[in-house]
Amino acid sequence: MRVLGGGDGQPPGPDGTSAVYGWDVYAAWAETPNLFVVVYANGRDLGWIPKRAALVPEDLERLRGLLDRNLTRAG
């Protein structure tokens, strides 16, 4: 799993499973015990990132920081 959006300018891989969205597509984010949840700006859709996808615990902290810097935390 890759999370793109850190601003490094790298395009998605040729595997056909990657997508790149700007932060303006999302309105907010929230956290559950097992997931990071992003709320799309349209107000109808949600996306999620399972915490089990993290390779090391520090990845979860890095993702929280990235989300906090770019989105409003919901709830």
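Residues numbered from 1 in each chain as written. Predicted model: local features only at pLDDT ≥ 70, side-chain atom pairs only at ≥ 80, totals over all residues. Heavy atoms only, no water.

Judged by nonpolar contacts, Tyr-26, Trp-29, Phe-36, Val-38, Ile-49, Leu-60, Leu-63, Leu-66, Leu-67 and Leu-71 together constitute the single largest core of 10 residues. Of all the elements in the fold, those that place two or more residues in this core are β1 (26–31), β2 (35–40) and α1 (57–70). Looking at which element gives the most residues to this core, the answer is α1, with 4 residues. If sequence neighbours within four positions are ignored, Leu-67 has contacts with Trp-23, Trp-29, Phe-36 and Val-38. (Core = buried A, V, L, I, M, F, W, Y, C linked by side-chain atoms within 4.5 Å. Buried < 20%, exposed > 50% of the residue type's maximum accessible area, 1.4 Å probe, protein only. Helix = DSSP H or I, 4+ residues; strand = E, 2+ residues; numbered from the N terminus. Contact = heavy atoms within 4.5 Å.)

A few words on the pairing of β2. Bridge count between β1 and β2: 5 bridges; the pairing is antiparallel. Bridged to Glu-31 within β2 is Phe-36. Where β1 folds back onto β2 in an antiparallel hairpin, the turn is made up of 3 residues. From the end of β2 to the start of strand β3 (residues 46–50), which pair antiparallel, there are 5 residues, and Gly-43 there has a positive phi angle of about 75 degrees. (Pairing = 2+ DSSP bridges.)

Applying the stated criterion across every chain yields a total of 3 aromatic pairs. Geometrically, the ring pair formed by Trp-29 and Phe-36 is tilted, given 6.0 Å between the ring centres and 40 degrees between the ring planes. Residue Trp-29 shares its accessibility class with Phe-36, and that shared class is buried. One aromatic cluster in this structure is built from Trp-23, Tyr-26 and Tyr-40. (Phe/Tyr/Trp six-rings, centres within 6.5 Å; stacked < 30°, edge-to-face > 60°.)

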